[in-house]
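Chain and residue survey
Here are the chains, one letter per residue:
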Amino acid sequence: MKFKEFEPGMVLKYGPIVVDKTTMLEFARAYDPQWFHVDEERAKKGRWGGLIASGWLTCGLAMRLAAESLEGSECFGSPGLDRIRWMTPVRAGDALRLEATIDSKRVSSSRDDLGIMRWTWRLFNQSDEQVLEIEVTNLFELER
């Protein structure tokens, strides 16, 4: 979608994407090697009753779904995120879908070639349990 097509209040839906156990373990071993992400036997006895995905992998999966939705748009990046929340553990085999609500959009007051959009990403599993929420700002290159 193009910047001009986004409107506050729109809810865009993408996915699902299935969480692969091998990917989950490889990611955790490389970037978040906490025992409940990498040690299957110990994780079975832990609070979560088994392995759970790293929250950072969950963010990455949401990013993949959002990036695929922005392909072909004028989006060129993000200055940052606000309020990341992990609500429910993500496990191997979960099918995650993204619901992205457009909160606001505007043209920069100092640069008429810069569009700014804020949206909230909510990721849900196959049981409609919300697993993630992130407030995201994206930048768009606009024609003058």
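In what follows, the accompanying structure is described. The model shown is predicted, which means the values in this text are computed figures rather than measured ones.

1. Observations regarding the pairing of strand β5 (residues 130–141)
Counting buried residues in β5 gives 9 out of 12 residues, a clear majority hidden from the surface. Looking at chain direction, strand β2 (residues 75–86) and β5 are connected through 7 bridges and run antiparallel. Residue pairing for β5: Asp82 is matched across the bridge by Glu135. Of the pairings in the sheet, the one linking strand β4 (residues 114–124) to β5 comprises 11 bridges and is antiparallel in character. By the bridge assignment, Met117 is partnered in β5 with Asn138. Counting the residues that bridge the hairpin from β4 to β5 gives 5 residues, and of these Asp128 lies at a positive phi of roughly 65 degrees.

2. So, the sheet that holds β5
Across the sheet, 5 strands lie side by side as β1-β3-β4-β5-β2; this open sheet has antiparallel pairing. Two strands bound the open sheet, and with one partner strand each, they are β1 (11–18) and β2. The average angle at which neighbouring strand axes cross in this sheet is 25 degrees, direction not considered. The strands that helix α4 (residues 55–70) touches are β1, β2, β3 (95–107), β4 and β5; relative to β4, the one it contacts most, it runs at about 125 degrees.

3. Some remarks on the pattern of salt bridges
Scanning the entire structure with this criterion turns up 11 salt bridges. The partner of Glu135 in a salt bridge is Arg83, with the nearest N and O atoms 2.8 Å apart. Remark: Arg83 occurs in strand β2 and Glu135 occurs in strand β5; sequence separation between them is 52 residues. It is possible to trace a salt-bridge network through shared partners that takes in Asp82, Arg83, Arg118, Arg122, Glu133 and Glu135.

4. Details of the environment of Phe27
The topology assignment puts Phe27 in helix α1 (residues 21–31). C-alpha of Phe27 to C-alpha of Gly15: the two residues are 12 residues apart in sequence and 20 Å apart in space. Sequence-distant contacts of Phe27, that is, excluding residues within four places in its chain, are made with Asp32, Ser54, Trp56 and Leu57.

Conventions adopted
- Residues numbered from 1 in each chain as written.
- Predicted model: local features only at pLDDT ≥ 70, side-chain atom pairs only at ≥ 80, totals over all residues.
- Heavy atoms only, no water.
- Buried < 20%, exposed > 50% of the residue type's maximum accessible area, 1.4 Å probe, protein only.
- Helix = DSSP H or I, 4+ residues; strand = E, 2+ residues; numbered from the N terminus.
- Pairing = 2+ DSSP bridges.
- Axes fitted to C-alpha atoms, helices over the stretch in contact; angles between N-to-C directions.
- Contact = heavy atoms within 4.5 Å.
- Salt bridge = Lys/Arg side-chain N within 4 Å of Asp/Glu carboxyl O.

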